[in-house]
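Observations on the three-dimensional arrangement
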Amino acid sequence: MTQHDSPALPAHRPGASTQGPADPSPSRTTRPWMPALLYTLGFLTVYLLAICTPWGQRAENALFGLGEQGGEEAWIYPLSGAAYGSTPLPPMELSAKPTVVVGLAVIVVLTLARRCWWPGCAALGIVILTTGGKEVLKSNLPRPDLVGAPENLLDQGFPSGHTVIPAALTLAAVLVVSPRIRPYVATVGVLWLACIAAASATMGGHRPSEVLGATLLACACYGLATWLLPPAAAPGATRSPRALPVITLTLALAIALASGARNDTLTRSLVSGATGFICAALVWYAAVGRPAHTARRTRPARG
């Protein structure tokens, strides 16, 4: 064969596939709607079991009978803002609204800097929908008195407003930061949430169900936002260092136990610490713990 001859065509092998490469474009029919549904069902389950049943109310009301009323015996009391002249740990006490405003401003700046318009809108929606939804739910969800509780235990606090803020801001932040630093941003937010959730439960302002309900509400809004995002703008699978989840959750447990600790009752301290840790684990799982939560099916290859 001379140099002007065309190269020989490859021989056809019997049984060889004639299909072309699979089309990598995302399917239009598959959406990650299941997490949003599960978090919503979890929110409703916590409300129905803890608030709408006599044994649920008795169990939570009994916690308030352990130790002294108020938060003076809590280890975190000096940082709560309740002590005269103390500076509250955001978003406790009067720092709640400024924390939300600063968080929204940071999200806007990150959205403009990275030009991630759809994730930025979704992040703003998470914070606005979660904090606004908390106000609506807190005003409209009834708390029936099924056990003849004292008057000071009849106030409706479901879901917890202080816990909603770090949960919503953490989940919103992971949408607008670079995937490379997303696990570390989630770690910082989860540790913050573990502290605030445990403190809210141990200080006497909220019951464990109200803290868990706030976290589940934020996770449900995050799941809804990621479901509604266009496929091209949805967050991809997050890869984190192998040891990071263990380190994060271990630190979250330690922070939750310290933030929930009281001098007068071990039981209430442990329950508050466990509540804070569960909230941290829920947000971690929602943000980076499900590496395939935005995976899409590919269309079958065409022959």
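Residues numbered from 1 in each chain as written. Predicted model: local features only at pLDDT ≥ 70, side-chain atom pairs only at ≥ 80, totals over all residues. Heavy atoms only, no water.

**Observations concerning helix α3 (residues 96–114)**
Heads up, the rule is: Secondary structure is summarised from DSSP: a helix means a run of H or I of at least four residues, a strand means a run of E of at least two, and numbering begins at the N terminus for each. To estimate the expected span of a helix, count its residues, drop one, and scale the result by 1.5 Å. Burial here depends on accessible area, computed with a 1.4 Å probe over protein chains only, as a share of the maximum for the residue type. Under 20% is buried, over 50% is exposed, and the range in between is partly exposed. Throughout, the arc means that of the directions going from the helix axis to the C-beta atoms. Working rule for contacts: check all heavy atoms of both residues, and any pair within 4.5 Å makes them a contact.
Between its first and last C-alpha atoms α3 spans 27 Å; for 19 residues at 1.5 Å apiece the expected length is 27 Å, and the two agree. Where α3 is concerned, the buried positions are Ala 96, Thr 99, Val 100, Gly 103, Ile 107 and Thr 111. Looking down the long axis of α3, one finds its buried residues gathered within 105° of arc, a one-sided arrangement. Set apart from the buried face of α3 by more than 90 degrees, the exposed residues are Lys 97, Val 101, Val 102, Val 109, Leu 112 and Ala 113. Looking at the packing, one finds that the buried side of α3 touches α4 (117–140), α5 (161–176) and α6 (182–202).

**Focus on a nonpolar patch on the surface**
Where we set the bar: Like charges within 9 Å and nonpolar side chains (Val, Leu, Ile, Met, Phe, Trp, Tyr) within 5 Å are joined into patches, using only residues over 30% in relative accessible area that form no salt bridge. What sets the accessible areas is the Shrake-Rupley method with a 1.4 Å probe; for residues, cover comes only from the shown protein chains. The salt bridge definition used is simple: a Lys or Arg side-chain nitrogen within 4 Å of an Asp or Glu carboxyl oxygen.
Residues Trp 33, Met 34, Leu 37, Leu 38, Leu 41, Leu 44 and Leu 48 make up a contiguous nonpolar surface patch of roughly 640 Å² in combined accessible area. Tracing the backbone through its elements, the reader meets Met 34 in helix α1 (residues 34–51).

**Some thoughts on the nonpolar core**
Selection rule: Grouping buried Ala, Val, Leu, Ile, Met, Phe, Trp, Tyr and Cys residues that are joined through side-chain atoms within 4.5 Å yields what is termed a nonpolar core.
Judged by nonpolar contacts, the single largest core of 57 residues is most densely connected at Phe 158, Leu 171, Tyr 222 and Val 283. Of all the secondary-structure elements, those providing two or more residues to this core are α1, α3, α4, α5, α6, α7 (208–228), α8 (244–260) and α9 (266–289). Looking at this core element by element, the count peaks at 11 residues for α7. In contact with Val 283, other than residues within four places in its own chain, are Ala 167, Thr 170, Leu 171, Val 190, Leu 193, Thr 215 and Cys 219. Formed by nine residues, the second largest nonpolar core is a distinct cluster that contains Ala 83, Ile 196, Ala 199 and Met 203.

**Some points on the packing of α5 against α7**
Threshold: Lines fitted to C-alpha atoms define the axes here, with helix axes fitted over just the stretch in contact, and angles between the N-to-C directions of these axes take values from 0 to 180 degrees. Here the angle decides the label: under 35 degrees means roughly parallel, over 145 means roughly antiparallel, 65 to 115 means roughly perpendicular, and every other value means oblique. The crossing is said to be left-handed when, going from far helix to near helix, the turn is anticlockwise and less than a right angle, and right-handed when the turn is clockwise.
At their nearest, the axes of α5 and α7 sit 8 Å apart, and the two run at 25° to each other. Taken together, α5 and α7 sit at an angle that is classed as roughly parallel. The crossing of α5 and α7 is right-handed. Residues Thr 163, Val 164, Ala 167, Ala 168, Leu 171, Val 174 and Leu 175 of α5 pack against Val 211, Ala 214, Thr 215, Leu 217, Ala 218, Cys 219, Tyr 222 and Thr 226 of α7.

**What to know about the packing of aromatic side chains**
Definition in use: Between the rings of Phe, Tyr and Trp (Trp by its six-membered ring), a pair exists once the centres lie within 6.5 Å; its type follows the angle of the planes, with under 30 degrees stacked, over 60 edge-to-face, and the other angles tilted.
Counted under the stated rule, the structure contains two aromatic pairs. On the numbers, 5.1 Å between centres and 45° between planes, the contact of Phe 43 with Phe 158 is tilted. Here Phe 43 is found in helix α1, whereas its partner Phe 158 is found in the loop between α4 and α5, with 115 residues between them in sequence. Given a relative accessible area of 0%, Phe 158 falls into the buried group. Judged by centre distance (5.4 Å) and plane angle (45°), the rings of Tyr 47 and Phe 158 are tilted. Here Phe 158 lies in the loop between α4 and α5 and Tyr 47 lies in helix α1, a separation of 111 residues in the sequence. Phe 158 carries the same exposure label as Tyr 47, and that label is buried. Site record: aromatic cluster; members linked through ring pairs are Phe 43, Tyr 47 and Phe 158.

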